[in-house]
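# Working through the structure, step by step
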Amino acid sequence: MSTFQSARRRLRAHPFALDAALAAGVLVCIVAGSLVEPHGPDGVTWTLRTPDALSLVLMALGAAALVLRRRAPLAVLAFTGGVSLVESVTGDPRAPVAMCVVVALYTVASTTDRPTAWRVGLLTMTVLTGAAMIAGPLPWYAQENLAILAWTGIGATAGDAVRSRRAFVQAIRERAERAERTREEEARRRVAEERLRIARDLHDVVAHHIALVNVQAGVAAHVMDKRPDQAKEALAHVREASRSALGELRATVGLLRQSGDPEAPTEPASGLDRLDDLAGTFRNAGLHVLVAREDQRPEHAPALPAAVDLAAYRVIQEALTNVQKHAGTGAKAEVSVVRVGPHLEVTVLDDGTGAGRHEAPASAPATASVRTGDRDGGGHGLLGMRERVTALRGTLTTGPRYGGGFRVHAILPVETRTSAAQDGS
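These numbers were taken from a predicted model, which means no experiment stands behind them. (Residues numbered from 1 in each chain as written. Predicted model: local features only at pLDDT ≥ 70, side-chain atom pairs only at ≥ 80, totals over all residues. Heavy atoms only, no water.)

This part covers a nonpolar patch on the surface. Together, Val-57, Leu-61 and Phe-79 make up a nonpolar patch on the protein surface, roughly 250 Å² of accessible area in all. Its place among the elements puts Phe-79 in helix α4 (residues 73-90). (Patch = residues over 30% accessible without salt bridge, like charges linked within 9 Å, V, L, I, M, F, W, Y side chains within 5 Å. Areas by Shrake-Rupley, 256 points an atom, 1.4 Å probe, with all protein chains shown as cover. Salt bridge = Lys/Arg side-chain N within 4 Å of Asp/Glu carboxyl O. Helix = DSSP H or I, 4+ residues; strand = E, 2+ residues; numbered from the N terminus.)

Right, dumping it as structure tokens:
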């Protein structure tokens, strides 16, 4: 089979040589057919008669034209048809020059569209068969005349079948290539989305816990000499915040592990059920946080999707981190989580002024950040919040409050596209 396939590849690489070999084979067949005496006393017999010069010329011209059948199929068909027509009128007995027409008609049918092939085929069959019936010495209904009709019809039908098969195979190949491109594009899109999601999680976790560690470390340094007990308490909060940060980082980075890794994380993702713990970490850092929740699920209402739950938690986490970093000492933050119909509204307000560094009281840490027009400080916090909310087809509004302070307001749809698709299935 490998030898046959290699031979086919070599022939396809040299189509002109293949056509020349085909033309030589057709010429041999025509010459051999011209030596047959169809009306001998014992039926069809072989003879040693020599065809006349005109028949030999017509046979040679018809076969030679097949060398160009791929380059000009219609012109070759017209030429071979004319040669066969002349042979039908002048030959006695007729030489089978019509074999050239059959090959040329097959080529036309296999390389052109179906309407053109059938129109050309019907015209060729009608002209050659009519000429043979009218000009031939035999009766019009003789077998030789009907054979021309049959052979030209077979050539056109075979060429059309080959063309249809090529088109079918090409369509399958294009469909497979298109499906492969679609799979690759979908895989790249999912990888990009996953990378962006992991980057947002890492930013939220690192920004939140490092800000708390920074604040508590500042408190410990500030009160180390005068109030060592309070400094010890602040260091304990630093230790707790760093342990929590390591745990969340391990869970987030664990998403990049292979599916067969036995150490893949099994802890649930953060959500609003951990909101009190989150507020507690900021209270330990000296920020006054008030939490108000009215997000109980009504009867027959859909449960809060995991994506919405995580997004709401991350928005609150990032907003409180920004308050801790930029609002200034003595700032108060209010967190509101309200479920209104098909939406979940999350609001984080603060009254900070960001006037600069102030002396911190004994019960509150000192902060050294200055509040600017860009609440995110040139980072990716606000951008990450907006991307999270937009990915769920929600809306996010951020900006300064009248009279001082900052406001973060997110509206998240309770029924996301993913949950809707699961309900529909």
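Here the narrative resumes.
Strand order in this open sheet of five strands is β3-β4-β5-β7-β6, and the pairing throughout is mixed. A single partner strand is all that each edge strand has here, and the edge strands are β3 (288-294) and β6 (395-400). Within the sheet, the average angular offset between the axes of one strand and its neighbour, ignoring direction, is 10 degrees. Sheet analysis places β6 next to strand β7 (residues 406-413), joined by six bridges and oriented antiparallel. If you follow Thr-398 over to β7, its bridge partner there is Val-408. Along the sheet, helix α9 (residues 275-284) makes contact with β3 and β4 (332-340), crossing β3 at roughly 165 degrees. Against the sheet, helix α10 (residues 306-326) touches β3, β4, β5 (343-350) and β7, its axis set at about 10 degrees to β5. (Pairing = 2+ DSSP bridges. Axes fitted to C-alpha atoms, helices over the stretch in contact; angles between N-to-C directions. Contact = heavy atoms within 4.5 Å.)

Moving on, we come to the pairing of β7. In terms of residue burial, β7 counts as a mostly covered element, since six of its eight residues are buried. Taken together, the eight bridges between β5 and β7 define a ladder with antiparallel strand orientation. Looking at the pairing, Glu-345 lines up with Ile-411 of β7. Counting the residues between successive antiparallel strands, the hairpin from β6 to β7 contains five residues, one of them, Gly-403, with a positive phi of roughly 90 degrees. (Buried < 20%, exposed > 50% of the residue type's maximum accessible area, 1.4 Å probe, protein only.)

Within the secondary structure, Arg-163 is located in helix α7 (residues 143-223). Taking the relative accessible area as the measure of exposure, Arg-163 reaches 17% and is therefore buried. For Arg-163, the contacting residues outside a window of four places in its chain are Ala-109, Ser-110, Thr-112, Asp-113 and Arg-114.

Here the protein averages 75 in pLDDT, and 70% of its residues register 70 or above. Low pLDDT, under 50, characterises residues 420-425; the predicted model gives this stretch two contacts beyond four residues in sequence or across chains. (pLDDT = per-residue confidence, 0-100.)

What follows deals with the nonpolar core. In terms of nonpolar packing, the biggest core is built from 34 residues, with Ile-316, Leu-320, Leu-344 and Val-408 touching the most fellow members. Those elements that place two or more of their residues in this core are α9, α10, β4, β5, α11 (381-391) and β7. By residue number, the principal contributor to this core is α10, which donates nine residues. Grouped together as the second largest cluster of nonpolar side chains are 24 residues, Leu-77, Val-101, Val-103 and Leu-105 included. (Core = buried A, V, L, I, M, F, W, Y, C linked by side-chain atoms within 4.5 Å.)

The next subject is helix α3 (residues 53-65). In this model α3 runs 18 Å from its N-terminal to its C-terminal C-alpha over 13 residues, within 8% of the 18 Å that 1.5 Å per residue would give. On its buried face, α3 is in contact with α2 (15-34), α4 and α5 (98-111). (Expected span 1.5 Å × (residues − 1).)

Take the packing of α2 against α5 next. Relative to each other, α2 and α5 sit at 150 degrees, their axes nearing to 9 Å. Judged by the angle between their axes, α2 and α5 are roughly antiparallel. The handedness of the crossing between α2 and α5 is right-handed. Contacts between α2 and α5 pair Leu-22, Val-26, Cys-29 and Ile-30 from the former with Met-99, Cys-100 and Val-103 from the latter. Grouping the constituent residues of the contact of α2 with α5 by class yields seven nonpolar, no polar and no charged. (Parallel < 35°, antiparallel > 145°, perpendicular 65-115°, else oblique. Left-handed = near helix turned anticlockwise from the far one by under 90°. Nonpolar A, V, L, I, M, F, W, Y, C, P; charged D, E, K, R; others polar.)

This paragraph deals with the packing of α9 against α10. Two elements in contact, α9 and α10, have axes whose closest approach is 11 Å; the angle formed by their N-to-C orientations is 10 degrees. One element, α9, and the other, α10, form an angle in the roughly parallel class. Each of Leu-275, Leu-278 and Phe-282 in α9 lies in contact with α10, whose residues at this interface are Tyr-313, Ile-316, Gln-317, Leu-320, Thr-321 and Gln-324. For the contact of α9 with α10, the residue count by class is six nonpolar, three polar and no charged.

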